[in-house]
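Residues per chain, in single letters:
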Amino acid sequence: MLLVPRFNMSHLKNMLLDIALVFLVYFATHSHSEVLSTRSRWIVDAKLGQRVKLTCVNWPGHLHAMIPEGLQKKPARDIAASVASMGFNCVRLTWATYMFTKDSSINLTAEQSLDRWNLTAAKAGVAANNPQLLDLDVVDVQKAVIDELGAQNVMVVLDNHVSLPQWCCGNDDGNGFFGDKYFDPKEWVQGLTMVAKRYKGNPTVVAMSLRNELRGSRQNENDWYRYIQEGATAIHGENPDLLVIVSGLSFDINLSFLRNKPLTSNYNNKLVYEAHWYPFGDPPAKWLYQTNEFCANTTRWFMSQSGFLLSGENPVPLFLSEFGKDQSDGNQEQNRYFSCLLALLAETDIDWALWALQGSYMLREGHIDQEEMYGMLDFSWDHLRNPTMREMLQFTQKMNQGLQSNDLTCYVMYHPQSGRCVEAGNENLTATSSQNCSRWSYSKDGSTIKLLGTSSCLTAVGDGLPVVVSNDCSSQTSAWSIVSSSKLHVAAKDDQGRDLCLELNSPDPTLVTKKCLCLGDELKDVPSCEENPQRQWFKFVPTRA
């Protein structure tokens, strides 16, 4: 017999809990003292002790003109408002050391900086959209942008991206590691100190990251420990309210050496590590024809290089400060990488910053007014480049875990390809927005998936048919296992003994069961598969009841 509760008490309770959680997240990220600290693997409000989850977007201000991109396209106030409207509570705002340390830059106005690079159209755009900024020094333009973000209750992480203002990053660009042509360690510490001092007492600026993507032939662990300690100590000594964010080696993908030798200070619970994850260098064929296996392998790699910091005897916060994809949606390799990454973001509930906000650059690598296909905004900075990206990120913008692991008593079923979660509706299961996720209990492979607070469970009816919530929880049609190397397929047998997997085939929001994609005998990965299995990917995300 099918159970079709129109508004059961458990569902109503979950709706109310989600609403309460939205308010909790809002007040935890917008109404706190704006002084953050760390507790175990979490970032918290230093006074209230509540968790604060950073869900940021990168906004570059480190390129040649040394002012944030987009000021030639839209008023700073409008850009800041668009950041908030997209659900981001934070901006990782990049800057260059030379902005604060070189005589040629310190008193340089925005107009003079644009003229230096013959950016005539950009100057006209700034004059039209932000006339009050043209006569300001470039460092004061930065502060004006930060003030606009603060007015929208958006926090700021100041990221020292480069020393010489230019596009980042290359192995031999002179900006990569301590001692490179443009990367003098003493000057770098001087710049960090000046910026920390400048924003002391500014509630919008909650963190500074020491350096973006250390890299190149000079990189080594001994210098890393030496100079990272110096930079972190300089920031903390000048502005002890700030979180100090530390990057690793090899373009910020390697923190594995910390297993054997942690930093000697946590700076009074202010230390956060950062990592990046892009598919650059991945063989496209692996993502396209071995999607399950390669997702599993790259996830294990990320956890071994950086993600391990989240667990163990002395866990610490990890900030995924860059990830992203071509938002034209034409790159299937990147689309599959992105769904794989979102599954990990949802499961670990870590803090993150998407690359990127900007729809274009004033000047990048010799090209004027170049478009950024990774940008949330389109070329004109008027609209979202890809509205589906906003929906894909919504679930991971939520705070799904609290400070205590014993609070995680149930699961949300999350579909990373769409960014939606599973809701038990009137008759069928549907994919819904992050505010309406049903809670489920699930213990092990071969067990039932029960709607929390009821005795009802998920039941497979047949190939191509909708999944139902049923009172029949004793047959093989209600015994579910997580299968494939990706651990993202959820499978059960129908009455005829056929293995079927949960599937969401957008835009239809109804969940069905179908033949498992890219899996062969015993539900193991096949060597090569031309199908995209990600419509059958579901992640069980631990959360609170």
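Thresholds, definitions, all that
Position numbers for residues count from 1 along each chain, tracking the sequence in the order it is written. The predicted origin of the model limits local features to residues at a pLDDT of at least 70 and limits the giving and counting of side-chain atom pairs to 80 or more, whereas totals for whole chains, interfaces and linings rest on all residues. Note that water and hydrogens are dropped before the side-chain values are worked out from all heavy atoms of the structure. Salt bridge, as used here: a side-chain nitrogen of Lys or Arg that lies within 4 Å of a carboxyl oxygen of Asp or Glu. Secondary structure is summarised from DSSP: a helix means a run of H or I of at least four residues, a strand means a run of E of at least two, and numbering begins at the N terminus for each. In this scheme, a residue with accessible area under 20% of its type's maximum is buried, one over 50% is exposed, and one in between is partly exposed, where area comes from a 1.4 Å probe on protein chains only. One less than the number of residues in a helix, times 1.5 Å, gives the span that helix is expected to have. Any pair of nitrogen or oxygen atoms within 3.5 Å is treated as a polar contact; in protein, a donor-acceptor pairing is required on top of that, and neighbouring residues in sequence qualify only through side-chain atoms on both sides. Paired strands, in this sense, are two strands between which DSSP finds at least two bridges. UniProt positions are given in the numbering used here, feature names are shortened, and annotations may be inferred rather than shown by experiment.

Which parts of the structure should I look at to understand the pattern of salt bridges?
Two side chains with opposite charge may pair up if their charged atoms get near one another. Applying the stated criterion across every chain, the model contains 26 salt bridges. For Glu347, the salt bridge identified is with Lys539, shortest N-O distance 3.4 Å. A residue pair is termed long-range when its members are at least 10 positions apart, and Glu347 in helix α12 (residues 332–348) and Lys539 in strand β25 (residues 539–544) qualify at 192 residues. In this structure Glu347 comes out as partly exposed when scored by relative accessible area, which is 32%. We classify Lys539 as buried; its relative accessible area is 11%. One salt bridge connects Glu371 with Arg385, and the closest N-O pair in it is separated by 2.8 Å. With Glu371 in strand β12 (residues 367–371) and Arg385 in the loop between β12 and α13 (387–397), the pair connects residues that are 14 residues apart, well separated along the chain.

Help me understand α12, please; the structure alone is not making it clear to me.
Two residues of an α-helix separated by three or four positions point the same way, owing to the 3.6 residues in each turn. Across its 17 residues, α12 extends 25 Å between first and last C-alpha, which sits within 8% of the 24 Å expected from 1.5 Å per residue. With 15 of 17 residues buried, α12 is to be regarded as a mostly interior element. The distance from a side-chain oxygen at the start of α12 to the backbone nitrogen of Glu333 is 3.2 Å, and the residue carrying that oxygen is Asn331. Once α12 finishes, Asp349 follows within two positions and takes phi at roughly 55°, a positive value.

Sorry, what's going on with the sheet that holds strand β19 (residues 465–466) here?
Paired through their backbone hydrogen bonds, the strands of a sheet run either parallel or antiparallel. If you walk across this open sheet you meet the five strands as β19-β24-β23-β22-β21, and the pairing is antiparallel. The open sheet has two edge strands, β19 and β21 (481–483), and neither has a second partner. Examined bridge by bridge, strand β22 (residues 489–493) and strand β23 (residues 499–503) share three bridges and lie antiparallel to one another. From the neighbouring strand, Ala492 faces β23, where its bridge partner is Leu500.

Just to check I follow, could you spell out unusual backbone geometry for this structure?
For the peptide bond that leads from Trp355 to Ala356, omega is 15°, which places it in the cis range. With respect to the helices and strands, the residue Ala356 is situated in the loop between β10 (351–354) and β11 (360–364). Although it is not a glycine, Glu213 adopts a positive phi angle of roughly 45°. Along the chain, Glu213 turns up in the loop between β6 (205–209) and α9 (221–238). On the basis of relative accessible area, Glu213 is assigned to the buried category, the value being 8%. Here Tyr267, not a glycine, exhibits a phi torsion of approximately 55°, which is positive.

Just checking my understanding: could you explain the UniProt feature "domain: Glycoside hydrolase family" (unreviewed entry) in the protein for this structure?
As annotated by UniProt and renumbered to match this structure, "domain: Glycoside hydrolase family" (unreviewed entry) occupies residues 73–358. In residues 73–358, the share of helix is 42% and the share of strand is 14%. The end C-alpha atoms are 10 Å apart.

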